[in-house]
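Structural features, examined
Listed here are the chains, written in short residue letters.
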Amino acid sequence: MIIRKTRPEEGKRINTLFAIAFEQPMENGPGEEPGVINWGAFEEDTMFSTFAVTDFTQFFDGNQVKMGGIGGVATLPSHRRKGGIRGIFQAALADMYENGYDFSYLYPFSTAYYRKFGYENCVNRSFVTVDLGLLSPETVSVLAELGSDLRGPIRELDRVWEQTYNMAVCHPEKDYGWVVKADPAGKQNFLYVCFDTDRNPLAYTQFHLENQTDGRNLVCSRFCFRNRKGFDGLMNLFKGFSADHRFLKFYLPEDSAMGYLLPEWSMGAACWSTAPSGMVRAVNARRVLEKAAYRGSGRVCLELLDGQIPENNGVFDVTFENGKAVRVEKTGEKADVTLGINAFSALICGTSDWGDALQWMPDVTLHRENQALEGVFYRKKLWIGDYF
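Now for a quick tour of the structure. All of these numbers come straight from a predicted model, not from anything done at the bench.

Our next topic: the overall build of the chain. Scanning the chain from N- to C-terminus turns up ten helices and 19 strands. Rg of the C-alpha trace for the chain: 23 Å, near the compact-globule value of 21 Å for 388 residues, within the 12% margin. Counting over 388 residues, the chain shows a buried share of 51%. Counted over contacts in the chain with a minimum sequence separation of 6, partners at least 24 positions apart contribute 72%. Within the structure as shown, the chain displays about 18100 Å² of accessible surface, and the carbon and sulfur contribution to it stands at 48%. Each charge class in the chain was averaged separately, 42 positive and 49 negative side chains, and the resulting centres sit 2 Å apart.

Spelled out as structure tokens, the structure:
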């Protein structure tokens, strides 16, 4: 078996492999896109497994870091369980480490499967369904029609969430071509931006109609707001659709305070469910520890175990002062705690407080009490809205 990066002329084979593996067509192979590296596993000259690593800039504890988004994972049915994807992960993770990536992220078909490669559940998101007939706020909304340019206000609103939530993708200007392509009349995909009376952007949403088992509903593919007034502005917009549609459906960050945004939750007025939204992996543990935000001051010794990236193995001596790392180095000292790379990746991003992690998470072994661990691993705001 040969593992290597694919060549541009092999893009058609990637599409073919994906289409056979998932019984659906795939066009415009990721090998043809800028910022995407495709990997393949080959038996002689035949590619039988593949996935793509897409470059993203991501926010982590106030820093912009390099993240590799894993997508297009596919293996021919006749070659499954032959180690193709495992071999690609081994090579791709080593390549990411050498090329300055801090994290990798993916959306799993199976969490147990991707845990084998060091990934762990990270961002959760809340799916909200609202009865349109019970909405009643107010504000000004502008429809983006074909050719209209609302990129500035939308980018400004995205920046609010990007700088608030860990794991949020930082979008450069080139990512906003979809705004000027908005065509509500031709494609029935509607993009609205809400402004206050001084023309300050408060919120935006993009949505389409879906005829579902529970009604003729409005389903949002994008939903972002600056503050409570912005959320109310979106609700005012959707109130105008209540005569012809039953429910509004959208995703929110898992933020308990957002449960107060709607005035009525009882009797089926709205329902809220939370589910995982992807898995994270630390690619370069030392660099992540150097960039992390800590609480207070202290010193910890963390032993990390990583089956794919040997540079991440060992005991890291971390000293932090006033919320920032002042020293991160490997040491021969005894560790306070041993963590698998899965648990470390999730915890350093902020999925759990230390006490809860110690009680419930696997691959966490405490060797000695150290209160400073509570300043390293604590719950943070998390959100990611991009797919790859």
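Now for unusual backbone geometry. You will see that Glu-44, though not glycine, has its phi angle at about 60°, which is positive. Within the chain, Met-167 stands out as a residue other than glycine whose phi angle is a positive 80°. Tracing the backbone shows Met-167 in the loop between helix 4 (151-162) and helix 5 (177-180).

Before going further, it helps to spend a moment on the nonpolar core. In terms of nonpolar packing, the biggest core is built from 43 residues, with Phe-103, Met-167, Phe-344, Ile-348 and Phe-377 touching the most fellow members. Judged by nonpolar contacts, the second largest core, of 42 residues, contains Phe-223, Phe-231, Met-235 and Trp-383.

A few words on the sheet that holds strand 17 (residues 324-331). Strand order in the open sheet formed by five strands is 17-16-15-18-19, and the pairing between neighbours is mixed. Two strands in the sheet have a free side with no partner beyond their single neighbour: strand 17 and strand 19 (364-366). The mean inter-strand angle of the sheet, taken between neighbouring strand axes irrespective of direction, is 25°. Taken together, the seven bridges between strand 16 (residues 314-321) and strand 17 define a ladder with antiparallel strand orientation. By the bridge assignment, Val-315 is partnered in strand 17 with Thr-331. Lying over the sheet, helix 9 (residues 341-349) contacts strand 15 (298-305), strand 18 (337-340) and strand 19, oriented at roughly 95° with respect to strand 18.

Let's shift gears to the sheet that holds strand 1 (residues 2-5). Read from one edge of the open sheet, seven strands run 1-2-3-4-5-14-6, paired in mixed fashion. The outermost strands of the open sheet, each flanked by one partner alone, are strand 1 and strand 6 (120-121). Summarising the sheet, strand 6 and strand 14 (residues 279-282) pair through two bridges and their orientation is antiparallel. In the sheet register, Asn-121 faces strand 14, and the bridge partner there is Met-279. Strands strand 1, strand 2 (36-43), strand 3 (46-60), strand 4 (63-75), strand 5 (103-106) and strand 14 of the sheet are contacted by helix 2 (residues 84-98), whose axis makes an angle of about 35° with strand 3.

This next bit is on the pattern of salt bridges. Scanning the model with the defined rule gives 20 salt bridges in all. The salt bridge partner of Glu-290 is Arg-286, with a shortest N-O separation of 3.6 Å. Of this pair, Glu-290 and Arg-286 both sit in helix 8 (residues 285-291), four residues apart, roughly one helical turn.

Position of Asp-386 relative to the elements: it lies in the segment after strand 19. Look at Asp-386: it is buried, it has no salt bridge, and the nearest opposite charge is Arg-222 at 6.3 Å.

This brings us to helix 7 (residues 228-239). Across its twelve residues, helix 7 extends 16 Å between first and last C-alpha, which sits within 8% of the 16 Å expected from 1.5 Å per residue. Near the N-terminus of helix 7, the side chain that reaches the backbone nitrogen of Lys-229, with its oxygen 3.2 Å away, is that of Asn-227.

Another point: the side chain of Ser-126. You can see Ser-126 is positioned in strand 7 (residues 124-131). A polar side-chain atom of Ser-126 sits 2.8 Å from a polar atom in the side chain of Trp-272. Polar contacts involving the side chain of Ser-126 include one to the side chain of Thr-274, which spans 3.2 Å. Excluding residues that lie within four positions of it along the chain, Ser-126 makes contacts with Phe-250, Tyr-251, Leu-252, Pro-253, Glu-254, Trp-272, Ser-273 and Thr-274.

Below, the discussion takes up the packing of aromatic side chains. The geometry of an aromatic ring pair comes down to the distance between the two centres and the angle between the two planes. The final tally for this structure, using the stated rule, is 34 aromatic pairs. Where Tyr-113 meets Tyr-114, the ring centres are 5.0 Å apart and the plane angle is 85°; that geometry is what we call edge-to-face. By relative accessible area, Tyr-114 is classed as buried at 3%. Ring centres of Tyr-192 and Phe-207 lie 5.9 Å apart, and the angle between their planes is 10°; on these two criteria the pair is classed as stacked.

Take helix 4 next. In this model, helix 4 (twelve residues) spans 16 Å end to end at C-alpha, consistent with the 16 Å of a helix rising 1.5 Å per residue. Among the residues making up helix 4, those that are buried are Pro-153, Ile-154, Arg-155, Leu-157, Asp-158, Trp-161 and Glu-162. Where the residues of helix 4 are buried, they touch strand 3, helix 5, strand 9 (189-195), strand 10 (201-212), strand 11 (215-225) and strand 12 (247-253).

Parameters and conventions
Residues numbered from 1 in each chain as written. Predicted model: local features only at pLDDT ≥ 70, side-chain atom pairs only at ≥ 80, totals over all residues. Heavy atoms only, no water. Helix = DSSP H or I, 4+ residues; strand = E, 2+ residues; numbered from the N terminus. Rg over C-alpha atoms; globule rule 2.2 N^0.38 Å. Buried < 20%, exposed > 50% of the residue type's maximum accessible area, 1.4 Å probe, protein only. Contact = heavy atoms within 4.5 Å. Areas by Shrake-Rupley, 256 points an atom, 1.4 Å probe, with all protein chains shown as cover. Lys, Arg positive; Asp, Glu negative; His and termini not counted. Charge placed at Lys NZ, Arg CZ, Asp CG, Glu CD. Core = buried A, V, L, I, M, F, W, Y, C linked by side-chain atoms within 4.5 Å. Pairing = 2+ DSSP bridges. Axes fitted to C-alpha atoms, helices over the stretch in contact; angles between N-to-C directions. Salt bridge = Lys/Arg side-chain N within 4 Å of Asp/Glu carboxyl O. Expected span 1.5 Å × (residues − 1). Polar contact = N/O pair within 3.5 Å; in protein donor to acceptor, adjacent residues only side chain to side chain. Phe/Tyr/Trp six-rings, centres within 6.5 Å; stacked < 30°, edge-to-face > 60°.

Taken by themselves, the reported measurements are silent on function.
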